[in-house]
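As a plain string of letters, each chain reads:
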Amino acid sequence: MSKAGRLVVLVSGSGTNLQALLDASADPAYGARVVAVGADREGIEGLARATRAQVPTFVEKLGEYPTRADWDAAIAARIAAYEPDLVVSAGFMKILGTPTLQAFPVLNTHPALLPSFPGAHGVRDALAHGVKVTGCTVMLADEGIDTGPIVAQEAVPVLPDDDEAVLHERIKTVERRLLVEIVGRMAREGWTVSGRTVRIGNQSGGEST
Ligand code: GRF
């Protein structure tokens, strides 16, 4: 059973999910702490949040590498330097490649109820479809786009006057709480993956290493 004390968090934007993890990990009882924050671009609030929290940061821009494979190897190496137990992709707008996925468990958060509305515009797509309920999904990343085994989901209502920004903010309020809860439980209790089924903690009460 895996456990997750050291977190590397990857961001591409405002980093409010990162902030929720930073705040939670101020309490040692949380069981996990953010040891580094990585990004695919500079000048974002997510990196500023890390700096304010005195957490080291790194940036790897896809455009600075001749091929995607070179970027995949570079970001994997940057992550590996911090020896994480778990990588959290929290609003990171790139798909991680095999070098990272084979080396570390990667947790991802998505603002829709997968498998509905995967991809970069989950909130917009759900709204355009006219759903009355959407939500957020915390899953383990695999090589696909939002296709990995689901760890947790929570529903959020769509209200009649919602636009994309209003609905996304309502989802993110739930998403931050769910992500903090799940990362903490994974760190404290460990987890197992069997096919597409993710189980946190040792339900049988037996050995948990
Ligand atoms: C989250 O809703 C995440 O699921 C999506 O982008 C948002 C990131 O928000 N991919 P933040 O940067 O954590 O504030």
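A short tour of the structure in this document, coming up. (Residues numbered from 1 in each chain as written. Predicted model: local features only at pLDDT ≥ 70, side-chain atom pairs only at ≥ 80, totals over all residues. Heavy atoms only, no water.)

**Examining the site of the ligand**
Heads up, the rule is: Proximity is defined per residue: if any heavy atom of the residue lies within 4 Å of a molecule or strand, that residue is considered near it. Here a polar contact means two N or O atoms within 3.5 Å. Within protein one must be a hydrogen donor candidate and the other an acceptor candidate, and residues neighboring in sequence count only if both atoms are side-chain atoms. Residue-level accessible areas treat just the shown protein chains as cover; the underlying method is Shrake-Rupley with a 1.4 Å probe. Strands here are runs of E lasting at least two residues and helices are runs of H or I lasting at least four, both read from the DSSP assignment and numbered beginning at the N terminus. Three categories are distinguished: nonpolar for Ala, Val, Leu, Ile, Met, Phe, Trp, Tyr, Cys and Pro, charged for Asp, Glu, Lys and Arg, and polar for the others, with Gly belonging to the last.
In the vicinity of the ligand, the contacting residues are Ser-14, Gly-15, Thr-16, Asn-17, Gly-91, Thr-109, His-110, Pro-111, His-168, Lys-172 and Glu-175. Ser-14 places a side-chain nitrogen or oxygen 2.5 Å from an oxygen atom of the ligand. Contact with the protein chains hides 89% of the accessible area of the ligand, taken as 370 Å² for the molecule alone. For the shell around the ligand, the secondary-structure elements that each account for two or more residues are α1 (16-24), β5 (106-110) and α6 (164-189). The biggest single contributor to the shell around the ligand is α6, with three residues. Here the residues of the shell around the ligand are counted per class, giving one nonpolar, eight polar and two charged.

**Focus on the pairing of strand β4 (residues 86-89)**
As a reminder, the rule being used: Partly exposed describes any residue whose relative accessible area lies between the buried limit of under 20% and the exposed limit of over 50%, with all areas from a 1.4 Å probe on protein chains only and scaled to the type maximum. At least two DSSP bridges between two strands are required for those strands to pair. Think of it like this: strands point away, you trace from the first strand over the helix to the second, and a clockwise trace means the crossover is right-handed.
Side chains of β4 alternate between two faces, with Leu-86 and Val-88 and Val-87 and Ser-89 buried alike. Bridge analysis of strand β1 (residues 6-11) against β4 gives four bridges, and the strand direction is parallel. Within β4, the residue paired with Leu-7 across the bridge is Leu-86. Looking at chain direction, β4 and β5 are connected through three bridges and run parallel. Counted as the bridge partner of Ser-89 is Asn-108 from β5. Crossover β4 to β5 through helix α4 (residues 98-103) is right-handed.

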